[in-house]
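So the chains spell out like this:
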Amino acid sequence: MSHAHRSPSLFSRLLGWQTLVLFLVMGVALAIELHDIHDPRRGELISGQVLLATATAQLVPPPHVPEQAAFAGRTIRQLSAEHDDIGLREEQYSFQIWQADGRLLARSDGLAETHLFAPGSLPVQQRVDAQDWVWVAAWNPGHDIWAVVGHHRNYYQRIGSRILTDVISLFAKTFISLWLALWLATRFGLRPLRGLARRIAQHGEMPLSVWNELAEPAELRPVVRALNDYSTRMAQMREAERCFFAHAAHELRTPLASLGAQAHALAHAEDGDERVRQARLLQQGTERTAAVLDKLLTIARLDADTMRLNIHAFDLTDLLETRIAEQVPRALEQKIDLGLEGPPHQRAHADPALLATVLDNLLDNALRYIPASSRITVSHGQEHGSNWICVHDNGPGIPAEDRQRIFERFERGREACATGSGLGLSIARDIMALHHGTLTLDDGDGIHGCRMCLRWPDAPRPASLDRMTSGE
């Protein structure tokens, strides 16, 4: 099973994080509540015992005789036992009643082993632990009767366990209720996503422009816009691929048909001279077909973002001399003056292999479209930290209405001959974009001619720079 299938849904993620936050908040609240319950001054665990001590002190009437004090202590103990649901036994309850002058008025029967706490010996209304007992002392309003009430630790612990159970039960019920509310809120809150998913599944039946008109939550609008843009780009890519393959098939159909015809003519040639001529034509056709295929492969690499630059320093003049020398036989055959102008040695930073492809395409175009006895001059130089190369001819030039169109793929210009693939200038422009440079078409001398100029910055770049788009 793939990792995508094991990934939790957005609903599970949201509910999980909300559950974690709820658990932490409830846990902190529970800890605070338990701390407050066990507070030795104001906690719920000690508050009942404080009330018993205060009531005992207040129930002793003047003139504060021992019999009345003993009656008050027994009455409070009996009332406490009657209203207790935990099971307070007589031996687990103790009281002491003192006069302010330190005279003991009354105490619990049979508990002589417990400590005696004279007036002022204990903090008022605050828990004190001593000899397995928990004690609380209080004064009456006149501050002349001191009462001390104690519970055995076992009873005190049972009270604590009961309160803890009740608090945890309440928090558990609250947690479950809130979790169910979160579950419902998350479930219904994510309904717009499910609706968007349905519309995405149906986008073939719905124009993409309609998506933005739908009443989406504000948080989903960036998603809808991104999907819109992505769908538009995918549609454009599919259309570009369709056009590319259609043009490629069209461009290869003619040279392949020509190869078949030349092979047939060679096979049926009757004399040696005719066979030599047909073999030469067949070789030329093979070279043209190979050139078209090479350009198609270059475009495929450019479109697939797999072309990488190998930029380093090299002698640009040597590269130009080498590429021009390759074209000299063809120029001589067409009686074209092909020359180079520029410094004898010029160092440049670029990918020399790709730059050679650009130069070959420019020279091929110039040799293909200018008439015999014309002139082609390749010039080069540096200025303002940039390299430049110009391929200048005095041929018929390119009409103004074709100057933008000729840089598109499979476009040759209306006055161009039927040969050529219409890919050379497009490839050259894309390669220069990889170098953060430009390929421009300038006017030639006078009325006729054109000048193709390359310009790119000479700053050295990493040797394995990934392909960059022309918009960078």
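This structure is a prediction, so every number in the text was calculated from the model and none was measured. (Residues numbered from 1 in each chain as written. Predicted model: local features only at pLDDT ≥ 70, side-chain atom pairs only at ≥ 80, totals over all residues. Heavy atoms only, no water.)

**Student:** Let's hear about the overall build of the protein: which residues, and what values?
**Tutor:** When helices and strands are counted, the protein shows 12 helices and 12 strands. By residue count, 38% of the 472 residues in the protein fall in the buried class. If you take every contact in the protein between residues at least 6 apart in sequence, the share linking residues at least 24 apart comes to 63%. On the protein, roughly 26,900 Å² of surface is accessible, and the fraction owed to carbon and sulfur atoms is 57%. (Helix = DSSP H or I, 4+ residues; strand = E, 2+ residues; numbered from the N terminus. Buried < 20%, exposed > 50% of the residue type's maximum accessible area, 1.4 Å probe, protein only. Contact = heavy atoms within 4.5 Å. Areas by Shrake-Rupley, 256 points an atom, 1.4 Å probe, with all protein chains shown as cover.)

**Student:** Any chance you could break down the packing of helix α2 (residues 10-37) against helix α5 (residues 153-189) for me, citing the residues and the numbers?
**Tutor:** For the pair α2 and α5, interaxial distance at closest approach is 10 Å and the crossing angle is 155 degrees. By the angle between their directions, the pair α2 and α5 is classed as roughly antiparallel. For the crossing formed where α2 meets α5, the hand is right-handed. A breakdown of the residues in the contact of α2 with α5 according to their chemical character gives 19 nonpolar, four polar and two charged. (Axes fitted to C-alpha atoms, helices over the stretch in contact; angles between N-to-C directions. Parallel < 35°, antiparallel > 145°, perpendicular 65-115°, else oblique. Left-handed = near helix turned anticlockwise from the far one by under 90°. Nonpolar A, V, L, I, M, F, W, Y, C, P; charged D, E, K, R; others polar.)

**Student:** Which residues make up the sheet that holds strand β3 (residues 128-130), and what values do they have?
**Tutor:** Taken in spatial order, the five strands line up as β2-β1-β5-β4-β3 in an open sheet, and their pairing is antiparallel. Each end of this open sheet is capped by a strand with a single partner; those strands are β2 (104-107) and β3. Sheet twist, expressed as the average angle between the axes of neighbouring strands with direction ignored, equals 25 degrees. Taken strand by strand, helix α3 (residues 44-59) contacts β1 (93-99), β4 (133-139) and β5 (145-152), and its axis lies near 45 degrees from that of β4. (Pairing = 2+ DSSP bridges.)

**Student:** How would you summarise the packing of aromatic side chains if you had to cite specific residues and measurements?
**Tutor:** Applying the stated criterion to the full structure yields five aromatic pairs. Measuring from ring centre to ring centre gives 6.3 Å for F23 and F175, while their planes differ by 85 degrees; the resulting arrangement is edge-to-face. Taken as a pair, F23 in helix α2 and F175 in helix α5 lie far apart in primary sequence, 152 residues in all. The exposure class assigned to F23 is exposed, which follows from its relative accessible area of 53%. On the numbers, 4.9 Å between centres and 65 degrees between planes, the contact of W139 with W146 is edge-to-face. Note on W139: relative accessible area 17%, which makes it buried. Of the residues examined, W146 reaches a relative accessible area of 0% and is grouped as buried. In this structure an aromatic cluster arises from ring pairing among F117, W133 and W135. Between the NZ or CZ atom of R187 and the centre of the ring of F11, over which it lies, the distance is 5.6 Å. (Phe/Tyr/Trp six-rings, centres within 6.5 Å; stacked < 30°, edge-to-face > 60°. Lys NZ or Arg CZ within 6 Å of the ring centre and 35° of its normal.)

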